[in-house]
Amino acid sequence: MNRPKHTEFKFPTHIDDYPTGPQYTAGYLPETNAGWRTFRPVVDHDACVYCLRCYLLCPDGTIIKDNGVIKIDMDYCKGCGVCAHECPKDAIEMVKE
Amino acid sequence: MTNLVDIPKVNAKNMTEKEFFYGHKACAGCGGSVAVRLALKVLGERTYTALPAGCMSAVGFIYPQMAFNTNAVITTFPGSASMASGIAAGAKALGQKDVKTVVFAGDGGTADIGFQALSGMIDRNDDVLYICYDNEAYMNTGIQKSGLTPYGTKTTTTPAGKNIPGTVTHKKNLFEIIAAHDIAYAATASIGYPQDYLNKVNKAKHIKGATFIHVYASCPTGWGTPTETSIEIAKDAVDCGLIFLAEFEDGEYKLNRNPKEFAPVKDYLKKQGRFKHMTDEDMDVVIENRDRKWSRMRKQWL
């Protein structure tokens, strides 16, 4: 698994359900960040040259390399617009949600 | 010692697909999270991560959420380096060979509060990579001045007004203070030059002993910049000469970037809300300080 997925939070009902430390296990993500977004990135796949600058610079790591095509994990994209601003081909556009 | 020239370069094409800092709650466009994410992608899964109080621990460990996909722990504010020393010693005692211990601390946690522990760690030459992501103030607690806040910055503890033009002290020269410990490897970087940063983290990964990287990371919330310009601002800071890219290795300083001409400082300052109040005289102080620093660096390091 390349990146952790959203997991449903179950409220602990028994002492054994609680984590041993102050956190749950690595990559335990019961909440998404999608609600933060005002603008959503939309990739123009014809203009994209797959330079991976967006992949490198996304603060949240939500750009996915998928066999030569850029995809975005909309569960965790915060809509900051770094990808669209840094794209050398202007292949990413920020569209209002 | 490994031959550092032959280590394979890590870039966007060949770096691991795995994300080790994912689903965190940092502000949109956070520069510090770019620094942490890229460093962890270079260092890989077998990394012990120690973070003092600061943005990256605040956004990564929100119970029950756990955004770090590596072994990670929050340390005391002044003791991040000593805790990392302990982790490295523990890993050695257990006979673990292919592991690295890394600290991600902010500018306050490095240059002010965590400094004596860091100094001790470098003195003992423990196998720890210490990365300081520098956003030039205590951002997590609401933008207070730190030792690395540059001249003229408006913060909540140095408000700009009739009496003072924001911060009245200059940025502490952290890189040379660290280099003065005769450390095995120290470097400065900026997230505006990501490939340079990746190379430096990769180099530090392959050096046994204490290493230090000072990475300039923008903060849209504290700097008053639009979220999408985070990377551009960090690049501008290097282009106008306020931040330099350098390395310290085998007792020698090396300037990685020595531009013939600097981009205008005023354009860089005017883009940010934290410098909006600055007058031309204030900006001249910044430029004068930059020129003095560069003439000394060029004379001594080249």
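Reading the values: the criteria
Residues numbered from 1 in each chain as written. Chains lettered and ligands numbered in written order. Predicted model: local features only at pLDDT ≥ 70, side-chain atom pairs only at ≥ 80, totals over all residues. Heavy atoms only, no water. UniProt positions renumbered as here; feature names shortened; annotations may be inferred. Contact = heavy atoms within 4.5 Å. Buried area = accessible area lost by both parts, 1.4 Å probe. Salt bridge = Lys/Arg side-chain N within 4 Å of Asp/Glu carboxyl O. Polar contact = N/O pair within 3.5 Å; in protein donor to acceptor, adjacent residues only side chain to side chain. Helix = DSSP H or I, 4+ residues; strand = E, 2+ residues; numbered from the N terminus. Buried < 20%, exposed > 50% of the residue type's maximum accessible area, 1.4 Å probe, protein only. Phe/Tyr/Trp six-rings, centres within 6.5 Å; stacked < 30°, edge-to-face > 60°. Lys NZ or Arg CZ within 6 Å of the ring centre and 35° of its normal. Expected span 1.5 Å × (residues − 1). Patch = residues over 30% accessible without salt bridge, like charges linked within 9 Å, V, L, I, M, F, W, Y side chains within 5 Å. Areas by Shrake-Rupley, 256 points an atom, 1.4 Å probe, with all protein chains shown as cover. Lys, Arg positive; Asp, Glu negative; His and termini not counted. Charge placed at Lys NZ, Arg CZ, Asp CG, Glu CD. 1 Å grid on protein atoms, 1.4 Å probe; cavity = no way out; pocket = protein on both sides within 12 Å on 5 of 7 lines; lining within 4 Å. Points joined across faces, edges and corners; volume = space filled by probe spheres on them. Nonpolar A, V, L, I, M, F, W, Y, C, P; charged D, E, K, R; others polar. Disulfide = S-S within 2.5 Å. Pairing = 2+ DSSP bridges. Axes fitted to C-alpha atoms, helices over the stretch in contact; angles between N-to-C directions.

- As recorded in an unreviewed UniProt entry, chain B goes by Pyruvate synthase subunit beta and comes from Ancylomarina euxinus.

- As recorded in an unreviewed UniProt entry, chain A goes by 4Fe-4S dicluster domain-containing protein and comes from Ancylomarina euxinus.
- The record held by UniProt for chain A lists under Cofactor (unreviewed entry) the comment "[4Fe-4S] cluster".

**Side note on the interface of chain A and chain B**
Argument step 1. Listed as interface residues are 41 residues of chain A and, on the opposing side, 40 residues of chain B.
Argument step 2. Taking both sides of the interface into account, the surface hidden between chain A and chain B amounts to around 3,400 Å²; carbon and sulfur atoms contribute 54%.
Argument step 3. Summed over the shared surface of chain A and chain B, the number is three salt bridges.
Argument step 4. Across the pair Lys65 of chain A and Glu17 of chain B runs a salt bridge, and its minimum N-O distance is 3.4 Å.
Argument step 5. The tally of links from chain A across to chain B stands at 24 residue pairs in polar contact (both at pLDDT 80 or more).
Argument step 6. Tallying contributions element by element places helix H1 (residues 53-57) of chain A first for the side of chain A that touches chain B, with four residues.

**Some thoughts on the side chain of Arg37 of chain B**
Argument step 1. Structurally, Arg37 of chain B is set in helix H1 (residues 31-43).
Argument step 2. Arg37 of chain B gets classed as buried once you look at its relative accessible area, which sits at 1%.
Argument step 3. Within polar-contact distance, the side chain of Arg37 of chain B engages the backbone oxygen of Tyr55 of chain A at 2.8 Å.
Argument step 4. Contacts of Arg37 of chain B, omitting those with residues within four sequence positions, involve Tyr55, Leu56, Leu57, Cys58, Pro59, Asp60 and Gly61 of chain A together with Glu19 and Phe21 of chain B.

**With respect to the packing of aromatic side chains**
Argument step 1. Tallied over the entire structure, the rule returns 15 aromatic pairs over all chains.
Argument step 2. Seen in terms of ring centroids, Phe175 of chain B and Phe244 of chain B are 5.9 Å apart; in terms of plane orientation they differ by 65 degrees. Their pairing is edge-to-face. Within this pair, whereas Phe175 of chain B is found in helix H6 (residues 174-179), its partner Phe244 of chain B is found in the loop between helix H9 (230-239) and strand S7 (246-249), the two being separated by 69 residues in sequence.
Argument step 3. A cation over an aromatic ring shows up here: Arg37 of chain B above the ring of Tyr55 of chain A, its NZ or CZ 5.7 Å from the ring centre.

**Comments concerning helix H7 (residues 194-205) of chain B**
At 3.6 residues per turn, the α-helix brings residues three or four places apart onto the same side.
Argument step 1. Over its 12 residues, H7 of chain B extends 16 Å from the first C-alpha to the last, a length consistent with the 16 Å expected when each residue adds 1.5 Å.
Argument step 2. Among all positions of H7 of chain B, only Pro194, Tyr197, Leu198, Lys200, Val201, Asn202, Lys203 and Ala204 of chain B are buried.

**Focus on a negative patch on the surface**
Residues and elements named next belong to chain B.
Argument step 1. A contiguous patch of negative charge, built from Asp280, Glu281, Asp284 and Glu288, is present on the exposed surface.
Argument step 2. Counting through the fold element by element, Asp284 comes out in helix H11 (residues 280-301).
Argument step 3. In this structure Asp284 comes out as partly exposed when scored by relative accessible area, which is 40%.

**Thoughts on empty space enclosed by the protein**
Residues and elements named next belong to chain B.
Argument step 1. Applying the stated criterion across every chain, the model contains four cavities of 30 Å³ or more.
Argument step 2. By volume, the largest cavity amounts to about 140 Å³.
Argument step 3. Contributing to the lining of the largest cavity are 14 residues, with Lys171, Thr188, His214, Ile243 and Phe244 lying nearest its centre.
Argument step 4. Among the residues forming the lining of the largest cavity, the class breakdown is seven nonpolar, three polar and four charged.

**Quick word on the state of the cysteines**
Residue and element names in this part refer to chain B.
Argument step 1. On inspection of all chains with the given rule, the structure shows zero disulfides over all chains.
Argument step 2. Cys55 supplies the cysteine sulfur nearest to Cys219, a cysteine that is in no disulfide, at a spacing of 6.2 Å.
Argument step 3. What makes Cys219 buried here is its relative accessible area of 10%.
Argument step 4. With no disulfide of its own, Cys240 has Cys219 as its nearest cysteine by sulfur position, at a separation of 18 Å.
Argument step 5. In this structure Cys240 comes out as buried when scored by relative accessible area, which is 1%.

**Details of a positive patch on the surface**
Residue and element names in this part refer to chain B.
Argument step 1. Together, Lys154, Lys266, Lys270 and Lys276 make up a region of like positive charge exposed at the surface.
Argument step 2. Mapped onto the secondary structure, Lys266 falls in helix H10 (residues 265-270).
Argument step 3. Using a relative accessible area of 32% as the deciding quantity, one classes Lys266 as partly exposed.

**Observations regarding the UniProt feature "domain: Thiamine pyrophosphate enzyme TPP-binding" (unreviewed entry) in chain B**
Argument step 1. According to UniProt, the positions carrying the feature "domain: Thiamine pyrophosphate enzyme TPP-binding" (unreviewed entry) are residues 53-215 of chain B.
Argument step 2. Helix and strand shares over residues 53-215 of chain B are 33% and 18% respectively, and the end C-alpha atoms of the span are 18 Å apart.

**Quick word on the sheet that holds strand S1 (residues 47-51) of chain B**
Residues and elements named next belong to chain B.
Argument step 1. Pairing is mixed in the open sheet, where eight strands are placed in the order S2-S1-S3-S4-S6-S5-S7-S8. Strands at the two margins of the open sheet, each flanked by one partner only, are strand S2 (71-74) and strand S8 (252-255). Taken pair by pair, the neighbouring strands of this sheet meet at an average axis angle of 15 degrees, ignoring direction.
Argument step 2. In this structure, S1 lies alongside S2, joined through four bridges in parallel fashion. Bridged to Tyr48 within S2 is Asn71.
Argument step 3. Sitting on the sheet, H1 touches S1, strand S3 (100-106), strand S4 (128-134) and strand S6 (211-216), and the angle it makes with S3 is about 175 degrees.

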